[in-house]
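Geometric and topological summary
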Amino acid sequence: MATEAENPSIANPDQVPVQVYSDNSIEVAALLTLSGGFLDVFTYVGHGGVFANSMTGNVVFLGMYTAQGDWQQAMHHIPPIIAFLIGVFIAYRMHLPSVLKYLPKPALTCLGFEIVVLIACSFLSDSFPDIPLVLAISLVAAMQNSSFTKLEQWTYNSVMTTGNLRRFAEAFFRGTMPSRNPVALREARLFGFVCVCFLAGAILAALTTKPMHDYALFIPAGTLLIAFVICWRRQKAKVLYFK
């Protein structure tokens, strides 16, 4: 049985926390997915041809270069995968009662940390190695991805788009066949919109990464800052525990 705990500091340490969400609105989802599309293109175009968010792409390249015997290229795609896994681990750890005592809103903490990291990375010199920068972005992207997973009542992905495209197609089908379903059509509209936002972020990164270099990171940092302010003002985060 699940119960809500407004004050996690009094939670039983033996209880297991369920994911905590600070916001599930379309406004925040749009800002997060725009940032996700931007960061993938930013690292791919500007920092070694690897993805910060899309681990599917990194695994594909890893397999392809491994099969070709190009070990140097293959190894470039392993660190971001590891960093992404570590980011997921950190985000989960932040939902444990011992951490919630001090950081009661882990989703906002992860988002704030991501903003700080992106701003810090924007000031790095052109001679700074690609791998540490990509690792930092992959880490914070994973923390964001694990912290914001709901679009209204539906599960979505804020840093990758394949699952969102599938949800859009499925919802559109359910909304139009065999008869009109308003709820499914709303789901289709929401997921279609976040897919467009991801695409917009990718286009924006393609246009700005080369001319602006790492200063382009101010763009996703700005969109995430807007999302942070929205989440902070709404203060909707709640914690669920299993007894």
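Preceding this section is the structure that the text describes.
This is a predicted model, so every value here is computed, not measured.

Focus: the overall build of the protein
- Within the protein, the regular secondary structure consists of 10 helices and 5 strands.
- Going through the 243 residues of the protein one by one, you find that 48% of them count as buried.
- Long-range pairs, those at least 24 residues apart, make up 76% of the contacts in the protein between residues at least 6 apart in sequence.
- With the model as given, the accessible surface of the protein reaches about 11,900 Å², and the carbon-plus-sulfur share is 69%.

Comments concerning the side chain of His47
- Considering the arrangement of structural elements, one finds His47 in the loop between α1 (26-46) and α2 (55-68).
- A distance of 2.8 Å separates polar atoms of two side chains, one belonging to His47 and the other to Asp130.
- For His47, the side chain forms a polar contact with the side chain of Asp214, separated by 2.8 Å.

A few points about the pattern of salt bridges
- What the rule picks out here adds up to 6 salt bridges.
- Arg234 is paired through a salt bridge with Glu27; the nearest N and O atoms lie 3.8 Å apart. Here Arg234, found in helix α10 (residues 218-234), pairs with Glu27, found in helix α1; they are 207 residues apart in sequence, far enough to count as distant.
- One salt bridge connects Glu187 with Arg167, and the closest N-O pair in it is separated by 2.8 Å. Within this pair, whereas Glu187 is found in helix α9 (residues 182-212), its partner Arg167 is found in helix α8 (residues 162-176), the two being separated by 20 residues in sequence. Considered together, Glu187 and Arg167 belong to a single accessibility category, that of buried residues.
- Here the salt bridges do not stand alone but share partners, grouping Asp23, Glu27 and Arg234 into one network.

Re a nonpolar patch on the surface
- A surface patch of nonpolar side chains, about 470 Å² in accessible area, is lined by Ile119, Phe123, Met212, Tyr215 and Phe218.
- Considering the arrangement of structural elements, one finds Ile119 in helix α6 (residues 106-122).
- On the accessibility criterion, Ile119 (33% relative accessible area) is partly exposed.

Side note on the packing of α2 against helix α4 (residues 78-93)
- Interhelical geometry of α2 versus α4 gives an angle of 145 degrees and a closest axis separation of 9 Å. Judged by the twist between their axes, the crossing of α2 over α4 is left-handed. Side by side, α2 and α4 meet where Met55, Asn58, Val59 and Leu62 of the first sit next to Ile78, Pro80, Ile81 and Phe84 of the second.
- A breakdown of the residues in the contact of α2 with α4 according to their chemical character gives 7 nonpolar, 1 polar and no charged.

So, how was this worked out
- Residues numbered from 1 in each chain as written.
- Predicted model: local features only at pLDDT ≥ 70, side-chain atom pairs only at ≥ 80, totals over all residues.
- Heavy atoms only, no water.
- Helix = DSSP H or I, 4+ residues; strand = E, 2+ residues; numbered from the N terminus.
- Buried < 20%, exposed > 50% of the residue type's maximum accessible area, 1.4 Å probe, protein only.
- Contact = heavy atoms within 4.5 Å.
- Areas by Shrake-Rupley, 256 points an atom, 1.4 Å probe, with all protein chains shown as cover.
- Polar contact = N/O pair within 3.5 Å; in protein donor to acceptor, adjacent residues only side chain to side chain.
- Salt bridge = Lys/Arg side-chain N within 4 Å of Asp/Glu carboxyl O.
- Patch = residues over 30% accessible without salt bridge, like charges linked within 9 Å, V, L, I, M, F, W, Y side chains within 5 Å.
- Axes fitted to C-alpha atoms, helices over the stretch in contact; angles between N-to-C directions.
- Left-handed = near helix turned anticlockwise from the far one by under 90°.
- Nonpolar A, V, L, I, M, F, W, Y, C, P; charged D, E, K, R; others polar.

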